[in-house]
Amino acid sequence: MTGNRGSFSLTGRRAVTLRGRPELYTDYASDQALLNTPAKRTFTLVLVAALLVTPFLMERDLTTLLTTVFIYAIGAIGLNLVSGYAGQVSLGHAFFVGLGAYTAAFLGSEATSSLRGLGLEMWIWLPLAGLVPAVIGFLVAPIAARVRGLYLAILTLGLVFIGDHIFKEARTFTGGPGVGRRAAAPIVGGLDLSRRQEILGVTVEGANLFYLFCFALLVVMAIAARNLARSKSGRAFAAVRDRDIAAEVMGVPLTRTKVLAFTVSSFYAGICGGLLAITYGVIEPAAFNLLMSVDFLAMVLIGGVATISGSIAGAAFVVLLPRLVQTYATYIPGVSRGSTGGGILTVFQVQGLLFGVLIVAFIILEPRGMYGLWLRVRNYWKAWPFSY
Amino acid sequence: MDDLLTILIRGLAQGSVYALLAAGFVVIYRATDVVNFAQPALMVLGAYFTALFARTYDLPFPLAVLAAIVVVAMVGAVTERIALRPMVGEPPFSAAMVTIGLFLVLTIIANRLIGSNVLTVGDPWALDTAVFAGNVRMRVADGWRIALTAVAFAGVGLFLVRSRVGLAMRATSLDQEVALAQGVNVGRMFGLSWALAGGLAGLAGMMVGSGGMGVDNTTAFIALKALPVIILGGLDSLKGAYIGGLVIGVAEAFTRANSATLSGYVGANVDVVVPYVIMILVLMVRPYGLFGTPEVQRV
């Protein structure tokens, strides 16, 4: 430790850094820290502050759009835990999201003549919307753990189709195809998050309240996932992903690790589903189909495999892309607005094409996703003015 | 008994279409270790081109089918060259995800070509009529489906086992590097396997679009039933694809025939789920399907 002006700390409580060398660590704790560089700390603070202020400066529908980003991001983090970190590729994420949505709707909305409901408050139905899918994930996982790779991907695809069938047939819970049911009311302690409220003498729009709630939840769940990923279990995930036989030889319990990954992932999916239902308003069984699973996979792949911030970026990309296309499609010649029209392509076809092409292009050109793009930018400035 | 036979033939015909699609998956998987999720989109293109050549350009029907098969095979080969060739050596799942992206792109192109109407390929061989043997009812189209699929499987099987190119393709599927060292043009084998799978999908598309059935923008999703078929039969077994396809088709036909009785217990339209239930049940007993090769693990 010659040349180190700080004291060497065995306990690792005190991070020691040299002036001008912020990335020199002398203990494990600071190497493993969540925000390990001053730049990360500053940017995170600025970003959080900006996102806290944004809803009060934006149009209502943009606020709702950003809220949707946060909710999808929770689901994407869930899928990234099982598929990105643990390497168990799942095409069945939409099933667990749907399960969460209907659990929430059943628990959170009042019973009607044709639908069952318990009318509970959000602080009860939201955790349960995560726990019920988690339990189902826990039960399915041992079967899923028997197969690997592409067999697993197609097996989980079966879950989506079976779930679709159950959602369509369990009419007293889901309303059935083409009808659906209204989402649960987001009421916490008598406070309805979807209505305009007076809080401490300030009038706050319902959309903004729900935005802040989802943002807070995303931050908590993202940090939890990040912590899981750098814990012992998280390292077991990575070991199983990289080479499962080698992991088992080193003493990683294979089945238990896979089951844990599926369970946690399903929990995140369920929470995502419960909240997503609220932004949808009415939830229909057909919404939780294969395309939704593909959307989530695209979030993970475009954002960045095995990164939490990548999942959030991927969710933002997938949710915001259709809106961007809709806004700017009129400037592209040959594109007609609306579902029918005289142009070469409709807006929806352009959206779909762009989505498909981007998935292909990202995987071929930048397999690390948007997180990889960011790494390139960061490394450029780290080494500046030298290019290597 | 006669009812049973009628349903059985119906199921075998439906299963033949699944088997053809599944064969495309198997051919590509064996050569490149990729599951091609874009296969259903190629099938829809097959139906479109058959209709285009047979109805718009008035070609004789067999010729139209052949032309459609060639066009879709070329689409397959070009797709492989553009999108899948750069993925050689990447993890199989990344490549599979590329094919999901291709599925989205190709489906949109196919739907744009077809438009919002239901497309039929016409009725060239009196496909819509039914013949009776005693009380057993069989549609002419179903006879063609069963026969053409059997011929296609025999053809592909013979091609892989007997021909020089087939030998090179099997060598590639066993070990790419060794095949390269033996002078096999591995890249060309990849393209060829995609072309072969495209041709099979084109033929399946003709079958789906004929005989009282049409193709619209939801057909591609129905064709995903080839996925439980290949898992049931094993990802790398042509025999598995054929038998798996027939099993799934027959199981589906019998569930549909009894759906009135079943709906009281498990709800309507169970036949949509049956392939997946069978798949999961089989995987619990045999994780690599009925005829798939178990992966040997070495540390």
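In this report, the structure presented in the accompanying data block is examined. (Residues numbered from 1 in each chain as written. Chains lettered and ligands numbered in written order. Predicted model: local features only at pLDDT ≥ 70, side-chain atom pairs only at ≥ 80, totals over all residues. Heavy atoms only, no water.)

### Describing the overall build of chain A
Threshold: The numbering of helices and of strands both runs from the N terminus, where a helix is a DSSP run of H or I of at least 4 residues and a strand a run of E of at least 2. A 1.4 Å probe rolled over the protein chains alone gives each residue an accessible area, and that area as a share of the maximum for its type sets the label: buried under 20%, exposed over 50%, partly exposed in between. It only takes one pair of heavy atoms within 4.5 Å for two residues to be counted as in contact.
Helix and strand counts for chain A stand at 15 helices and 8 strands. Expressed as lengths along the three principal axes of its C-alpha atoms, the size of chain A is roughly 75 × 55 × 50 Å. Taking all 388 residues of chain A together, the buried fraction comes to 49%. By sequence separation, contacts in chain A at least 24 residues apart represent 69% of the contacts at least 6 residues apart.

### Description of the interface of chain A and chain B
Going by this rule: Summed over both partners, the accessible area lost on bringing two parts together, with a 1.4 Å probe, is the buried area. What makes a salt bridge here is a side-chain nitrogen of Lys or Arg within 4 Å of a carboxyl oxygen of Asp or Glu, nothing more. Any pair of N or O atoms that falls within 3.5 Å is considered a polar contact. Within protein, one atom must be able to donate a hydrogen and the other to accept it, and sequence-neighbouring residues count only if both atoms are side-chain atoms.
Chain A puts 39 residues into the contact, and the matching count from chain B is 49 residues. Across the chain A/chain B interface, buried area totals approximately 3800 Å², and carbon plus sulfur atoms make up 80% of it. For the pair chain A and chain B, the number of links is 0 salt bridges. Our enumeration of links across chain A and chain B arrives at 2 residue pairs in polar contact (both at pLDDT 80 or more). Among the elements of the structure, α6 (149-169), α10 (244-249), α12 (290-303) and α14 (347-365) of chain A are those that each provide at least two residues to the side of chain A that touches chain B.

### With respect to the pattern of salt bridges
One pass over the full model with this rule turns up 11 salt bridges over all chains. Put simply, R10 of chain B and D142 of chain B hold a salt bridge, and the shortest N to O gap is 2.8 Å. Here R10 of chain B, found in helix α1 (residues 2-32), pairs with D142 of chain B, found in helix α5 (residues 140-162); they are 132 residues apart in sequence, far enough to count as distant. What makes R10 of chain B partly exposed here is its relative accessible area of 27%. Of the charged contacts, one joins R85 of chain B and E80 of chain B as a salt bridge, the two residues approaching to 2.9 Å between their closest N and O atoms. Residue class for R85 of chain B comes out partly exposed when judged on its relative accessible area of 24%. Taking relative accessible area as the criterion, E80 of chain B reaches 1% and is therefore assigned buried. Shared partners join several salt bridges into a network, and the residues in it are E366, R368 and R376 of chain A.

### Focus: the pairing of strand β1 (residues 130-133) of chain B
Residues and elements named next belong to chain B. This is how it is decided: Only when DSSP finds a minimum of two bridges between them are two strands counted as paired.
Pairing analysis gives 4 bridges linking β1 to strand β2 (residues 136-139), with the strands arranged antiparallel. Its bridge partner lying in β2, A133 is registered against V136. Hairpin connection between β1 and β2: a loop of 2 residues separates the two successive antiparallel strands, and G134 in this loop has a positive phi of roughly 70°.

### What to know about the side chain of S266 of chain A
Residues and elements named next belong to chain A. Relative to the helices and strands, S266 is located in helix α11 (residues 254-280). In this structure S266 comes out as buried when scored by relative accessible area, which is 0%. There is a polar contact of 2.7 Å between the side chain of S266 and the backbone oxygen of F262. Aside from chain neighbours lying at most four places away, what touches S266 is F96, G130, P133, A134 and G137.

### Quick notes on α11 of chain A
Three or four residues apart is the spacing at which side chains of an α-helix point the same way, because the helix has 3.6 residues per turn. So the rule is basically this: A helix is expected to reach a length of 1.5 Å times the quantity of its residues less one.
For α11 of chain A, spanning 27 residues, the distance from its first C-alpha to its last is 38 Å, which sits close to the expected 39 Å at 1.5 Å a residue. Just beyond α11 of chain A, the residue with positive phi is G281 of chain A, at close to 85°.

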